[in-house]
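# Coordinate analysis (summary)
This is what each chain is made of:
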Amino acid sequence: TASRSFAAVDLGASSGRVVAGRIGARELALTEVHRFPNGGVPLPDGLHWDVVGLYREIRHGLRRAAEHAPASIGVDSWAVDYGLLDGDGALLGLPHHYRDARTDGVAASTAERLGADRLYAVNGLQFLPFNTVFQLAAARGTAALAAARTLLLVPDLIGYWLTGSIGAEVTNASTTGLLDVATRSWDTALAAEVGADPAILPPLREPGSPLGPLLPEVAEATGLDGVPVVAVASHDTASAVVGVPATVPDFAYISCGTWSLAGLELDAPLRTEAARAANFTNELGVDGTVRFLRNVMGLWLVNESLRTWGMTADQLPDLLARAAEEPAFAALVDPDDPRFLPPGDMPARIAEYCRATGQRPPQGHAAVLRCVLESLALAHRRVIRTAARLTGRDVSVVHVVGGGARNELLCQLTADAVGLPVLAGPVEATAIGNLLVQARAAGLVGDLERMRALTAATQQVRRHEPSGDEAAWAAAAARLGWRD
Ligand code: LFR
């Protein structure tokens, strides 16, 4: 069969992009047609996403993608956040950002009231204060929630604006906490218990299913008349894991961007008490797979430090070169300490963490960066080793995909810390996963294994061998109280 083009809309917490991809039996070639910044916007009622501004950029990007004559369009984004529609289908205010403080305290008390073990038995999710179920508990009694007739996760909201079709794609729905991970259906009783009318939860759809053609006005404005939107694995992490260029079954992955999502792909959820205690998540992937992983705070720590220093991403390579020369293991932090979650002065919080744990705070930008990258590498080590232990599986290689794959120092430190080879790339794994699921819906590519083989055959991957300094990394992990 001949190759065809597809358009991927991929929204990350710090940037969005529209990518045109040409896919054939031996071809997978990406062209980024539009990129735009994203980030939280503080309003008097909290931290929000400018989804209307994003939608405008998406339309602009789709118009550029039209030159590539895509056969379909797919949309993915970060998870958990949602917009509410009233009975007329109008958006009830801008969606809250998952880093908004309104879940502070509410998340823990809700988990306690509902029973953390009961929640885990249903949804298999790690406790994160921003899981949709806790956001809804925090929104209980608000005018918007009372008026809401439909809840749409961000990619589903964009899909609705593009096509008028209402639904909830299942990989992203699995991050809400309201989906029963075993039956892949909504737990409506749970929704009611946190004060949300279960009727606002839309019908579920699987990756690969069509949403329908663009609305006439959108088709006209973008020049994409007759081009359908197709549901992809709309949780960006689910798409990223599709885009992992694995060639062996015993791989671990780290989807490394704003977050580091580190873990394994399983055939079924693992909801043991040990998995819950280790705060591992079971998010749904394509083809019945499960992402058994943990969120690690990721490059947020780096990006928020740069922002505090008034530096931009193009100054990072120079800073990384200096960080590589800094002494090893001078100061270490637990990247997942809740104090690092909200926006704000990151270096000050790192210093505060160090003082509170009897360490000398890192002095200077390069030392802070060194501290962050070693700490992330240690968290990667801990998560991947714990995942292997909990599942009883061997891991022979770690794939790092996403923007973090560009960060050679982080990839090398991760290889050293985990004690396994790291294969870094592709950077655009999420867009690739988005495009591949569309290509499959069009009958072009086969199962996951074949999709990954195609990615491995066509995309650049850089190999990092571990240094073999296990004793030093074990000692560093022990300083954080980690024994894995
Ligand atoms: C990554 C990601 C993570 C999710 C976090 C918040 O972009 O989707 O998987 O936990 O963002 O939605």
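Predicted model only: the values in this text are computed from it and were never measured.

Let's shift gears to helix H3 (residues 116-123). Along H3, the residues classified as buried are Leu119, Tyr120, Val122 and Asn123. Viewed along the axis of H3, the buried residues span an arc of 165 degrees, placing them on a single side of the element. Exposed residues pointing more than 90 degrees away from the buried face of H3 are listed as Asp117 and Arg118. Considering only its buried residues, H3 is in contact with helix H2 (106-114), strand E10 (179-180), helix H8 (188-193) and helix H11 (273-277). Positive phi shows up at Gly124, right after H3, with a value of about 60 degrees.

Turning to the UniProt feature "domain: Carbohydrate kinase FGGY N-terminal" (unreviewed entry) in the protein, a few remarks are in order. Taking the numbering used here, the UniProt-annotated feature "domain: Carbohydrate kinase FGGY N-terminal" (unreviewed entry) corresponds to residues 66-243. A helix fraction of 36% and a strand fraction of 16% characterise residues 66-243, whose end C-alpha atoms lie 23 Å from each other.

When two helices pack together, their arrangement is captured by the angle between the axes and the distance separating the axes. Following both chains from N to C, one finds helix H1 (residues 51-65) and helix H6 (residues 154-163) inclined at 60 degrees, their axes separated by 11 Å at the closest point. What the angle tells us is that H1 and H6 run oblique. Of the two possible hands of crossing, H1 and H6 adopt the one that is right-handed. Residues Val51, Tyr55 and Ile58 of H1 touch H6, and the partners they reach there are Val154, Leu157, Ile158 and Trp161.

Moving on: the nonpolar core. Counting 149 residues, the largest nonpolar core has Ala7, Val9, Val242, Val400 and Leu436 as the members making the most contacts within it. Tallying contributions element by element places helix H15 (residues 365-391) first for this core, with 12 residues. Those residues in contact with Val9 that lie beyond four places of it in its chain are Val18, Ile58, Gly61, Ile73, Gly74, Val75 and Ile158.

This paragraph deals with the site of the ligand. Close to the ligand lie 14 residues, the nearest being Trp78, Ala79, Val80, Thr237 and Trp259. Considering only residue class, the shell around the ligand consists of 7 nonpolar, 6 polar and 1 charged.

Below, the discussion takes up the environment of Gln126. Looking at where Gln126 falls in the secondary structure, it is placed in the loop between H3 and helix H4 (132-139). For the pair Gln126 and Ala65, spaced 61 residues apart in the sequence, the C-alpha separation amounts to 37 Å. In this structure, Gln126 is in contact with Asn279, Phe280, Thr281, Arg294 and Asn295, ignoring residues within four places of it in sequence.

On to the pairing of strand E6 (residues 73-77), then. Of all the 5 residues making up E6, 5 are buried; the element is thus mostly covered by neighbouring parts of the structure. The alternating pattern of E6 places Ile73, Val75 and Ser77 on one face and Gly74 and Asp76 on the opposite face, and all of these are buried.

Contact geometry for H15 and helix H16 (residues 408-418): axes closest at 8 Å, N-to-C directions at 45 degrees. The pairing of H15 with H16 is recorded here as oblique in orientation. With respect to the hand of their crossing, H15 and H16 are arranged in right-handed fashion. Along the contact surface, H15 presents Leu373, Glu374, Leu376, Ala377, Leu378, His380, Arg381 and Ile384, while H16 presents Leu409, Leu410, Leu413, Thr414, Asp416, Ala417 and Val418. When its residues are assigned to classes, the contact of H15 with H16 shows 10 nonpolar, 2 polar and 3 charged.

Take the pairing of strand E5 (residues 46-49) next. The side chains of a regular strand alternate, first on one face of the sheet and then on the other. Note: strand E4 (residues 40-43) against E5, 4 bridges, orientation antiparallel. Paired with Val41 across the two strands is His48, which belongs to E5. Once E4 ends, the chain turns through 2 residues before running back antiparallel as E5.

For the rest of this paragraph, the subject is the confidence of the model for the protein. In this model, the protein carries a mean pLDDT of 97, and residues with pLDDT of at least 70 account for 100%. Across the interfaces of the predicted complex, the ipTM metric reaches 0.98, alongside a pTM of 0.98.

Parameters and conventions
- Each residue is numbered by its place in its chain's sequence as written, counting from 1.
- The predicted origin of the model limits local features to residues at a pLDDT of at least 70 and limits the giving and counting of side-chain atom pairs to 80 or more, whereas totals for whole chains, interfaces and linings rest on all residues.
- Partly exposed residues are those falling between the two cut-offs: more than 12 but fewer than 20 other C-beta atoms within 10 Å of their own, whereas 20 or more means buried and 12 or fewer means exposed, with C-beta atoms placed from the backbone.
- For the purposes of this entry, the term helix denotes a DSSP run of H or I that reaches at least four residues, the term strand denotes a run of E that reaches at least two, and both are numbered from the N terminus.
- Note that the arc is computed from the directions linking the helix axis to the C-beta atoms.
- It is the C-beta atoms, placed from the backbone, that decide contacts: two residues are in contact if theirs lie within 7 Å.
- UniProt positions are given in the numbering used here, feature names are shortened, and annotations may be inferred rather than shown by experiment.
- Here, axes are lines fitted to C-alpha atoms. For helices the fit covers the stretch in contact, and angles between N-to-C directions go from 0 to 180 degrees.
- Working rule for angles: under 35 degrees goes down as roughly parallel, over 145 as roughly antiparallel, 65 to 115 as roughly perpendicular, anything else as oblique.
- By convention the crossing between two helices is left-handed if the near helix lies anticlockwise of the far one by an angle smaller than a right angle, and right-handed if it lies clockwise.
- Think of a nonpolar core as buried Ala, Val, Leu, Ile, Met, Phe, Trp, Tyr and Cys residues chained together by C-beta atoms that fall within 7 Å.
- Using a C-beta atom placed from the backbone, a residue is scored as near a molecule or strand whenever that atom is within 6 Å of it.
- Amino acid classes used here: Ala, Val, Leu, Ile, Met, Phe, Trp, Tyr, Cys and Pro are nonpolar; Asp, Glu, Lys and Arg are charged; the rest, including Gly, are polar.
- The pairing criterion for strands is at least two bridges between them, as found by DSSP.
- pLDDT gives the predictor's per-residue confidence on a scale running from 0 to 100.

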